[in-house]
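Below, each chain spelled out in residue letters.
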Amino acid sequence: MADLTVSVVSADAEVWSGAARQVVARTQVGQIGLLAGHQPVLGILAEGEVRITTTDGSVITAKAEDGFLSMQNDVVTIVAGTAELV
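Computed from a prediction, not measured in an experiment: that's the story for all the values here. (Residues numbered from 1 in each chain as written. Predicted model: local features only at pLDDT ≥ 70, side-chain atom pairs only at ≥ 80, totals over all residues. Heavy atoms only, no water.)

Trainee: So, the nonpolar core: which residues are in play, and what are the values?
Mentor: One broad rule of soluble globular proteins: the nonpolar side chains tend to lie buried together. Of all hydrophobic cores here, the largest spans 20 residues; its most connected members are Val6, Val23, Ile52, Val76 and Ile78. Contributions of two or more residues to this core are made by strand E1 (4–9), strand E2 (14–27), strand E3 (30–35), strand E4 (41–54), strand E5 (59–72) and strand E6 (75–85). Ranked by residues supplied to this core, first place goes to E2 with 5 residues. If we skip the residues at most four places from it in the chain, Val76 touches Leu4, Thr5, Val6, Ser7, Val23, Leu34, Ser70 and Met71. (Core = buried A, V, L, I, M, F, W, Y, C linked by side-chain atoms within 4.5 Å. Buried < 20%, exposed > 50% of the residue type's maximum accessible area, 1.4 Å probe, protein only. Helix = DSSP H or I, 4+ residues; strand = E, 2+ residues; numbered from the N terminus. Contact = heavy atoms within 4.5 Å.)

Trainee: How would you explain the pairing of E4 if you had to name every residue and give the values?
Mentor: Moving residue by residue along a regular strand, the side chains alternate between the two faces of the sheet. Taken together, the 6 bridges between E2 and E4 define a ladder with antiparallel strand orientation. Note on E4: the bridge partner recorded for Gln22 is Thr53. Across 10 bridges, the pairing between E4 and E5 is antiparallel. From the neighbouring strand, Ile52 faces E5, where its bridge partner is Ile60. (Pairing = 2+ DSSP bridges.)

If you want it as structure tokens, here you go:
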């Protein structure tokens, strides 16, 4: 299975970055799950959790709000006004 390259950043710092198998986030139109090979997407974040399943199977959880997520060519970028690991 191919991997994603994921970056979660807040307005003032990088919160987490690395390789992952899956990203699940809340957008204003509902929850979205992203896997390698997903079509390009751009969404506005809703307040809530971003769950990242890393390549070794562990789960990283961040609280994020006021931002957006994008995915193109297996690169996921989450930019939030505020974000922190929980």
